[in-house]
Amino acid sequence: MIIIYNSNASITSTATVNAWQASGFRGMESSAAGTMTMTYPSAVNHSDAGDVVVATVVSSGSDDADRANRVAAMDAMVSKQNTVNKDGYVVAYSEIENVKPGGITGIAVTIDS
Amino acid sequence: MKQPYLYFGRKGYYAFPAIANGNHTATPVTNVNGFMVPANKAVTDDASAYLQLSHRAVDAGTNTRSAIVIANGPRPGTPAFTGDNAKANIVAGEVSILDNKEALLVESTGQLTVTLVGTDGGLTATANDFLYLEEIKFNANVGPYNEATADICLPASNFISAQPVAYTAAGGVHWDLAVQDKTKLIFKSLHGSGDGVTTINIIHTADKYKEICEAMQELCNSSVYEEMVKVHYLDANGQHVHNAFSSRGITIYGMNIIK
């Protein structure tokens with residue numbers, strides 16, 4: 001499936017909306033107190049780097065609650081990767097459409113170059 | 001393509017030879033040797049809720065165990081203290097609890113000191129004895145806890161290989177004398193084929209390599225698609241191990257993530 005991330009209310013440039021093959025999804029990890037990071041194969045096809053989506057996750061003030069929030073966000077993204085929509089694409093996150101699963105409040109995309 | 005995604009969380013486990021003066025700062029605890037990096041801990045800070053330090057005596061000792069350690073008693077499941085001198089004498093095979101705040105000090109991040117018997121709360125070990133520092137619950141004082149290598153979620157299809165690794169720390173046995181082995185689970189890297197691999201190292205019950213392969217096969221064949229398959233992690237309540245592992249008699253003592 002094609003999976004889409006829209007990080008910005010205005011589509012103005014690269015990294016405000018992006019699409020990858022869900023089958024290329026390489027995984028996720030915690031990256032800070034209120035963030036987790038996802039990676040896809042590089043759009044410029046580099047073998048040693050990927051495109052990165054950093055998701056900001058709701059933060060509760062407790063370290064263990066923050067951990068659980070990151071896990072919830074990862075769970076939601078797993079569900080998205082496994083979603084099948086034969087008539088179109090899958091929206092993983094969208095500011096414009098207000099699709100914000102798993103307590104994710106924002107995303108930032110870095111395209112490998 | 002629907003597929004399961006496997007979630008692994010780190011658990012610190014550092015088994016190492018003791019030394020008589022108790023100052024282990026020359027070999028700091030790292031994410032590589034101890035699967036964790038404990039933060040500074042002063043004598044006034046009690047870390048026993050999330051870190052356990054145990055001493056397994058290989059040698060006998062005379063008047064080497066302090067009053068607090070005697071009062072703590074042996075680690076549950078290990079032999080009772082039987083030495084003379086009001087149990088201040090150590091008998092080979094006994095396992096003492098040293099995670100009281102007076103004994104376990106982290107002077108600088110990852111740098112351990114265990115107080116001497118002269119300082120109430122500790123004991124005097126020998127170079128043949130072993131110490132075991134274990135992370136038992138999630139706590140922000142033991143890292144990495146919210147950054148890279150704290151945890152990871154990987155697609156099952158990116159699993160490459162499981163390889164047994166020689167494990168001989170502390171004689172290759174836990175403080176309760178359970179024999180241990182180590183296995184690494186190797187996945188394709190988060191960042192691509194040119195960036196090496198991502199490795200999950202597991203210290204676990206001995207002679208369970210085949211069972212780990214079975215467990216991985218079961219997890220990779222699962223039809224859990226709406227959330228991650230949580231293989232192993234710590235939270236504030238303790239350790240969580242997926243039934244695919246625990247039902248096969250696999251105790252996980254430590255786990256780290258190397259990218």
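Caption draft 1: Inspection of the overall build of chain B at higher detail. Looking only at helices and strands, chain B has three helices and 16 strands in total. Rg of the C-alpha trace for chain B: 19 Å, near the compact-globule value of 18 Å for 259 residues, within the 12% margin. Each principal axis of the C-alpha atoms in chain B carries an extent, and together these give about 70 × 35 × 30 Å. Here chain B holds 259 residues, and 44% of them are scored as buried. Nonlocal contacts in chain B, meaning residues at least 24 apart in sequence, comprise 73% of its contacts between residues at least 6 apart.

Caption draft 2: Representation of the overall build of chain A. Secondary structure assignment for chain A yields one helix and seven strands. Going from N to C terminus, chain A has its helices and strands arranged as β-β-β-β-β-α-β-β. For the C-alpha atoms alone, the extent of chain A along its principal axes is close to 40 × 35 × 30 Å. Counting over 113 residues, chain A shows a buried share of 40%. When contacts within chain A are restricted to residue pairs at least 6 apart in sequence, long-range pairs at least 24 apart make up 55% of them.

Caption draft 3: Focus on the interface of chain A and chain B. Between chain A and chain B, the contact holds 27 residues from the first and 30 residues from the second. Taken together, the elements giving at least two residues each to the side of chain A that touches chain B come down to β3 (27-32), β4 (35-41) and α1 (63-81) of chain A. For the side of chain A that touches chain B, the leading source of residues is α1(A), giving eight residues. Class assignment for the residues of the side of chain A that touches chain B results in eight nonpolar, eleven polar and eight charged.

Caption draft 4: Spatial organisation of the sheet that holds strand β2 (residues 13-17) of chain B. Residues and elements named next belong to chain B. In space, the four strands of this open sheet follow the order β2-β8-β4-β5, with antiparallel pairing throughout. The open sheet terminates on both sides in strands that have one partner only, identified here as β2 and β5 (95-97). When the angles between neighbouring strand axes are averaged without regard to direction, this sheet yields 20 degrees. Examined bridge by bridge, strand β4 (residues 51-56) and strand β8 (residues 130-135) share six bridges and lie antiparallel to one another. Counterpart to Gln-52 in the pairing with β8 is Glu-134.

Caption draft 5: Here's a closer look at the nonpolar core. Ranked by internal contacts, the top residues of the largest apolar core, which has 83 residues, are Met74(A), Leu6(B), Tyr7(B) and Cys153(B). The biggest single contributor to this core is α1(A), with six residues. Excluding residues that lie within four positions of it along the chain, Met74(A) makes contacts with Met28(A), Met36(A), Tyr7(B), Cys153(B) and Met228(B).

Caption draft 6: A look at the environment of Phe81(B). Residue and element names in this part refer to chain B. Examined against the element boundaries, Phe-81 turns out to sit in the loop between α1 (67-72) and β5. Phe-81 sits in the buried class, given 20 other C-beta atoms within 10 Å. Taking the C-alpha atoms as reference points, Phe-81 and Ser-96, 15 residues apart in sequence, are found 8.7 Å from one another. Filtering out sequence-adjacent residues up to four positions away, Phe-81 remains in contact with Ile-70, Gly-73, Pro-74, Lys-87 and Glu-94.

Caption draft 7: A look at the sheet that holds strand β13 (residues 197-205) of chain B. All names here are of chain B. Taken in spatial order, the four strands make up an open sheet running β11-β12-β13-β16, and their pairing is antiparallel. This sheet does not close on itself; its edge strands, each paired only once, are β11 (159-165) and β16 (252-258). Each adjacent strand pair in this sheet contributes to an overall mean axis angle of 15 degrees, direction not counted. By the bridge criterion, six bridges tie β11 to strand β12 (residues 180-188) in an arrangement that is antiparallel. When the sheet's bridge partners are listed, Ala-162 is paired in β12 with Leu-185. On top of the sheet, helix α2 (residues 209-220) reaches β11 and β12; it is set at about 165 degrees to β11, its chief contact.

Caption draft 8: Quick peek at the environment of Ala92(B). Residue and element names in this part refer to chain B. Note on placement: Ala-92 falls in the loop between α1 and β5. Taking the C-beta count within 10 Å as the criterion, Ala-92 has 15 such neighbours and is therefore assigned partly exposed. Ala-92 sits 84 residues away from Asp-176 along the chain, and the two C-alpha atoms are 13 Å apart. In contact with Ala-92, not counting residues within four places along its chain, are Ala-57, Val-58, Asp-59 and Ala-60.

Caption draft 9: Representation of unusual backbone geometry. Residues and elements named next belong to chain B. Of note, the bond from Gly-143 into Pro-144 is cis; its omega dihedral lies within 30 degrees of zero at -10 degrees. Note that Pro-144 resides in the loop between β9 (142-143) and β10 (151-155). Look at Thr-149: it is not a glycine, yet its phi comes out positive at around 75 degrees. Residue placement: Thr-149 occurs in the loop between β9 and β10.

Caption draft 10: Spotlight on the confidence of the model for chain B. Looking at chain B as a whole, its pLDDT mean stands at 96, while 100% of the residues score no less than 70. Model confidence for the complex: the whole-complex pTM is 0.96, and ipTM, which rates the interface, is 0.96.

What counts as what
Residues numbered from 1 in each chain as written. Chains lettered and ligands numbered in written order. Predicted model: local features only at pLDDT ≥ 70, side-chain atom pairs only at ≥ 80, totals over all residues. Helix = DSSP H or I, 4+ residues; strand = E, 2+ residues; numbered from the N terminus. Rg over C-alpha atoms; globule rule 2.2 N^0.38 Å. Buried ≥ 20, exposed ≤ 12 C-beta atoms within 10 Å, placed from the backbone. Contact = placed C-beta atoms within 7 Å. Nonpolar A, V, L, I, M, F, W, Y, C, P; charged D, E, K, R; others polar. Pairing = 2+ DSSP bridges. Axes fitted to C-alpha atoms, helices over the stretch in contact; angles between N-to-C directions. Core = buried A, V, L, I, M, F, W, Y, C linked by C-beta atoms within 7 Å. pLDDT = per-residue confidence, 0-100.

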